Amino acid sequence: MIARENKRSRLAAKHAAKRASLRAKIVDAETSGADQWDAMIALQKLPRDSAKVRKRNRCALTGRPHGYFRKFGLCRNQLREVIMRGEAPGVVKASW
């Protein structure tokens, strides 16, 4: 799954400029209907995984998609282990 996410990231970066130009052409009111239609078809022919919305946040260590903390890039299970080892700077176990 991690390799699949890496592939999606590479494809999104590779096709980002082309997707942006096609989207601009579709949204532009000055563009004729036929040109807008052609831009829509061209956008649909690009790889599905090249859309940045297809990417999913995953744990850097395990690839787990749920319980993900953006600040650390880890899932909750791995984050707890990293914190207990003292490897996360500025994070301490709560006590009151």
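Computed from a predicted structure; not experimentally measured.

Student: Lay out the overall build of the protein with the relevant residues and their values.
Tutor: Looking only at helices and strands, the protein has 3 helices and 2 strands in total. Moving toward the C terminus, one meets the helices and strands of the protein in the order α-α-β-β-α. The globule rule puts the C-alpha radius of gyration for 96 residues at 12 Å, and the 20 Å found for the protein is more than 25% above it. Expressed as lengths along the three principal axes of its C-alpha atoms, the size of the protein is roughly 65 × 30 × 20 Å.

Student: Can you lay out the packing of helix H1 (residues 2–27) against helix H2 (residues 33–45) for me, pointing to particular residues and giving the numbers?
Tutor: One can describe the packing of H1 onto H2 by two numbers: an axis separation of 8 Å at closest approach and a directional angle of 150°. Relative to H2, the element H1 lies roughly antiparallel. When the axes of H1 and H2 are compared, the crossing they make is left-handed. Across the interface between the two elements, Arg19, Leu22, Arg23, Lys25 and Ile26 of H1 pack against Asp35, Gln36, Ala39, Met40, Ala42 and Leu43 of H2.

Student: Go over H1 with me, naming the residues and quoting the values.
Tutor: Its maximal kink placed at His15, H1 deviates by approximately 55°. Looking at H1, one finds that the buried residues are Glu5, Arg8, Leu11, Ala12, His15, Arg19 and Leu22. Turning to H1, the residues buried within the fold contact H2.

Student: Explain the nonpolar core to me, using residue names and the numbers behind them.
Tutor: With 6 residues, the main nonpolar core is built from Cys59, Leu74, Cys75, Leu79, Val82 and Ala88. Those elements that place two or more of their residues in this core are strand S2 (74–75) and helix H3 (76–85). Aside from chain neighbours lying at most four places away, what touches Cys59 is Ile2, Arg64, Tyr68, Gly73, Leu74, Cys75 and Gln78.

Student: Please provide a residue-by-residue account of the side chain of Thr31, values included.
Tutor: Its location among the elements puts Thr31 in the loop between H1 and H2. Of the polar contacts made by the side chain of Thr31, one reaches the backbone oxygen of Lys25; its length is 3.3 Å. Separated by 3.3 Å, the side chains of Thr31 and Asp28 make a polar contact. Ignoring anything within four residues of it in the chain, the contact list for Thr31 reads Lys25 and Gln36.

Student: Can you break down the pattern of salt bridges residue by residue, with the values?
Tutor: Inspection of every chain in the model, using the stated rule, returns 5 salt bridges. Notably, a salt bridge pairs Glu5 with Arg58, separated by 3.6 Å at the nearest N-O pair. With Glu5 in helix H1 and Arg58 in the loop between H2 and strand S1 (68–69), the pair connects residues that are 53 residues apart, well separated along the chain. With respect to class, Glu5 is no different from Arg58; both count as buried. Across the salt bridge formed by Glu87 and Arg85, the nearest N and O atoms sit 3.1 Å from each other. Connected via shared salt-bridge partners are Glu5, Arg8, Asp49, Arg54 and Arg58.

How each quantity is defined
- Residues numbered from 1 in each chain as written.
- Predicted model: local features only at pLDDT ≥ 70, side-chain atom pairs only at ≥ 80, totals over all residues.
- Heavy atoms only, no water.
- Helix = DSSP H or I, 4+ residues; strand = E, 2+ residues; numbered from the N terminus.
- Rg over C-alpha atoms; globule rule 2.2 N^0.38 Å.
- Axes fitted to C-alpha atoms, helices over the stretch in contact; angles between N-to-C directions.
- Parallel < 35°, antiparallel > 145°, perpendicular 65-115°, else oblique.
- Left-handed = near helix turned anticlockwise from the far one by under 90°.
- Contact = heavy atoms within 4.5 Å.
- Bend = angle between axes of the 7 residues up to and from the residue.
- Buried < 20%, exposed > 50% of the residue type's maximum accessible area, 1.4 Å probe, protein only.
- Core = buried A, V, L, I, M, F, W, Y, C linked by side-chain atoms within 4.5 Å.
- Polar contact = N/O pair within 3.5 Å; in protein donor to acceptor, adjacent residues only side chain to side chain.
- Salt bridge = Lys/Arg side-chain N within 4 Å of Asp/Glu carboxyl O.

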